[in-house]
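Survey of secondary and tertiary structure
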Amino acid sequence: MAETILVVNGGSSSIKFELFEIDHGDALKRVLRGQIEGIGTHPRLIVKDANGAVAIDQTWSIDEVGELHDALDKLVIFLLDFVGELPIAIGHRVVHGGPDFVEPTVVTPELVKRLEHFIPLAPLHQPNNLEPIRFVMTRHPHLLQVACFDTAFHRGHPEVADRYAIPENLYVEGVRRYGFHGLSYEYIAQRLRDVAPDIADGRVVIAHLGNGASMCALSAGKSIDSSMGFTALDGLPMGTRPGQLDPGIVLYLLSEKGMGGKEIEHLLYHDCGLKGLSGISNDVRDLLTSTDPKAKLALDYLAYHIATVAGMFTAALGGIDALVFTAGIGENAPAVRQAVANRLSWFGLELCENANAKNEIRISREGSRVSCFVIPTDEELMIARHTLRILQRQAGGVIEEKQA
Ligand code: ADP
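Here goes a summary of the coordinates provided. (Residues numbered from 1 in each chain as written. Predicted model: local features only at pLDDT ≥ 70, side-chain atom pairs only at ≥ 80, totals over all residues. Heavy atoms only, no water.)

What follows concerns unusual backbone geometry. The backbone phi angle of His181 is positive, close to 60 degrees, even though this residue is not glycine. Residue position: His181 is located in the loop between α5 (168–172) and α6 (182–195). At Ala220, a residue that is not glycine, the phi angle is positive and equals roughly 50 degrees. Judged by relative accessible area, Ala220 falls into the partly exposed class, the value being 37%. (Helix = DSSP H or I, 4+ residues; strand = E, 2+ residues; numbered from the N terminus. Buried < 20%, exposed > 50% of the residue type's maximum accessible area, 1.4 Å probe, protein only.)

Now the structure itself:
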């Protein structure tokens, strides 16, 4: 096999990864996609090839694979067996790059120390993102690693979108509106150049609607605002997170309900959003098939907030040329997209019912003043592209990846 790049997305009890072959030195071909799950409970490595066929599905006892580094050792053994050699570089998804990192960065021990400072800003994600990086630094110190940040794409926001109306000292120590899902938005911004070149340099609002959900205002391909802020709790309602919330509610939970920090954190990350509102499920598929009025309320609430953020970003952009839907809900739920579009007919968005039902790429009706697209996101490919670019830069090459 040609040289490969491994993309790693480290979570709390699972690690997702994808392997890309570098075809003819400048094109990326996905060859494997897999995850190590159940770390600490029922460790399992499952990997599928590019055709979806299972390449390995193996479980271990806790005695054999007790910790993350044991699981990563198993992954290395599998890769050596399957590919014959280790990848030439690893691109990692790192949720927080703090205020300073505006682009993917080569991993060094100093970088890891700086990224550790941002753990308090993303306590649920950052430690899990850093652990595989440390593992590789220790076991395979000469392997090039690249950290790709979910915040980086948003670092060019104008000051009014970057700040909260709080005292300066808090801003200086890092209390800012960072925004997340940046790798997804960057990928969509690039895809728009192929899908709708006439619009890619215009005013575009993207709705990334997955388990986590946010929106981004793009002006000429650059992010100028995001619905997520200091943490990934703000903005749209999500599967289990509330989105926009009066901070007075947190004070109420503290002073009147006697809840502690950890309890509130658990409530806000796991029991709110569509799950909290419906009392049924965090999964839009369940809500769409339910006849319970609370399921309808949760879906209405979601569409209302997507539409109002679109209105807010239209003001931020000074108009709107296109709305893009992406991620699990955005790519697969015509009913949600239609409910949003119904609320946005005032700015001239009209969907083609048939194209919307089929999840086609362009779902706006011919003649609609605002265009609407469904573009599947690919954060892993974005990370692989960044890693390839850094490899090429290090090799002194100037070849850019051919975009398929
Ligand atoms: P993550 O943020 O974990 O990457 P995804 O982008 O995969 O999440 O989105 C997962 C969510 O997408 C699910 O929780 C579900 O609500 C929604 N979803 C997936 N498939 C469908 C579908 N066919 N119809 C409606 N919603 C869907």
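In this section: the nonpolar core. Leu115, Met215, Ile306 and Leu349 are the most contacted members of the largest nonpolar core, which has 58 residues in total. Those residues in contact with Leu115, other than ones at most four positions away along the chain, are Val94, His96, Gly97, Phe101, Gln126, Leu130, Ala147 and Phe149. Among the nonpolar cores identified, the runner-up in size contains 34 residues, and Val7, Ile22, Leu28 and Leu183 belong to it. (Core = buried A, V, L, I, M, F, W, Y, C linked by side-chain atoms within 4.5 Å. Contact = heavy atoms within 4.5 Å.)

Close to the ligand lie Gly210, Asn211, Gly212, Asp283, Val284, Arg285, Ala327, Gly328, Ile329, Asn332 and Ala333, which account for all nearby residues. Asp283 is positioned with one of its side-chain polar atoms (N or O) 3.3 Å from an oxygen atom of the ligand. Take Val284: an N or O atom from its main chain is 2.9 Å from an oxygen atom of the ligand. In the complex, 68% of the free accessible area of the ligand, which totals 580 Å², lies under the protein chains. (Near = heavy atom within 4 Å. Polar contact = N/O pair within 3.5 Å; in protein donor to acceptor, adjacent residues only side chain to side chain. Areas by Shrake-Rupley, 256 points an atom, 1.4 Å probe, with all protein chains shown as cover.)

A separate point is the pairing of strand β1 (residues 4–10). Counting buried positions over the seven residues of β1 gives seven, a clear majority of the element. The side-chain alternation of β1 yields two buried faces, one formed by Thr4, Leu6, Val8 and Gly10 and the other by Ile5, Val7 and Asn9. Alignment of β1 against strand β6 (residues 89–94), held across four bridges, turns out to be parallel. Bridging from a neighbouring strand, Leu6 pairs with Ile90 of β6. (Pairing = 2+ DSSP bridges.)

Here we come to the sheet that holds strand β10 (residues 213–219). Pairing is mixed across the open sheet formed by five strands, whose spatial order is β11-β10-β9-β12-β13. Only two strands of the sheet have a single neighbouring strand rather than two, namely β11 (222–226) and β13 (371–374). Taking the axes of each pair of neighbouring strands and ignoring which way they run, one obtains an average angle of 25 degrees across the sheet. Its contacts with the sheet put helix α12 (residues 293–317) on β9 (203–209), β10 and β11, and the angle it makes with β10 is roughly 20 degrees. (Axes fitted to C-alpha atoms, helices over the stretch in contact; angles between N-to-C directions.)

Spatial strand order, β5-β4-β3-β2-β1-β6-β8-β7: eight strands in an open sheet with mixed pairing. The sheet is open, and its two borders are formed by β5 (54–59) and β7 (105–106), each paired with just one other strand. By the bridge criterion, seven bridges tie β1 to strand β2 (residues 15–23) in an arrangement that is antiparallel. What sits directly across from Gly10, in β2, is Ile15. Where helix α1 (residues 68–83) meets the sheet, it contacts β1, β2, β3 (27–37), β4 (44–49) and β5, and its direction lies at approximately 140 degrees from that of β3.

All right, on to empty space enclosed by the protein then. Scanning the model with the defined rule gives two cavities of 30 Å³ or more in all. Estimated volume of the largest cavity: approximately 130 Å³. Lining the largest cavity are 15 residues; nearest its centre among them are Leu6, Leu75, Val76, Ile90 and Val136. Sorting the residues of the lining of the largest cavity by element identifies β1, α1, β6 and α3 (126–139) as the ones contributing at least two each. In terms of residue count, α1 provides more of the lining of the largest cavity than any other element does, four residues in total. A per-class count over the lining of the largest cavity returns 13 nonpolar, two polar and no charged. For the second largest cavity, the calculated volume is near 70 Å³. In terms of lining, the second largest cavity is formed by Val95, Leu121, Ala122, Pro123, Leu124, His125, Phe180, Thr231, Ala232 and Tyr269. Split by residue class, the lining of the second largest cavity holds eight nonpolar, two polar and no charged. (1 Å grid on protein atoms, 1.4 Å probe; cavity = no way out; pocket = protein on both sides within 12 Å on 5 of 7 lines; lining within 4 Å. Points joined across faces, edges and corners; volume = space filled by probe spheres on them. Nonpolar A, V, L, I, M, F, W, Y, C, P; charged D, E, K, R; others polar.)

Volume-wise, the second largest pocket comes out at about 760 Å³. Around the second largest pocket, the lining is made up of 22 residues, and of these Phe230, Thr231, Leu233, Val250 and Leu268 lie nearest the centre. When contributions to the lining of the second largest pocket are tallied by element, the ones reaching two or more residues are α8 (247–255) and α9 (261–270). Looking at which element gives the most residues to the lining of the second largest pocket, the answer is α9, with five residues. Taken together, the residues that form the lining of the second largest pocket break down as 15 nonpolar, four polar and three charged.

A few words on the side chain of Ser368. The residue Ser368 is located in the loop between α15 (353–357) and β13 in this model. Relative accessible area serves as the criterion here: at 11%, Ser368 is assigned to the buried category. Engagement of the side chain of Ser368 in a polar contact is seen with the backbone nitrogen of Glu350, the distance being 3.0 Å. Within the structure, Ser368 has its side chain in polar contact with the backbone oxygen of Val370 (distance 2.6 Å). Beyond its immediate chain neighbours, meaning those up to four positions away, Ser368 contacts Gly348, Leu349 and Glu350.

Mapping Leu254 onto the fold places it in helix α8. Leu254 gets classed as partly exposed once you look at its relative accessible area, which sits at 44%. Taking the C-alpha atoms as reference, Leu254 lies 8.2 Å from Ile264; in sequence the two are 10 residues apart. When sequence neighbours within four positions are dropped, the list of residues in contact with Leu254 reads Met259 and Ile264.

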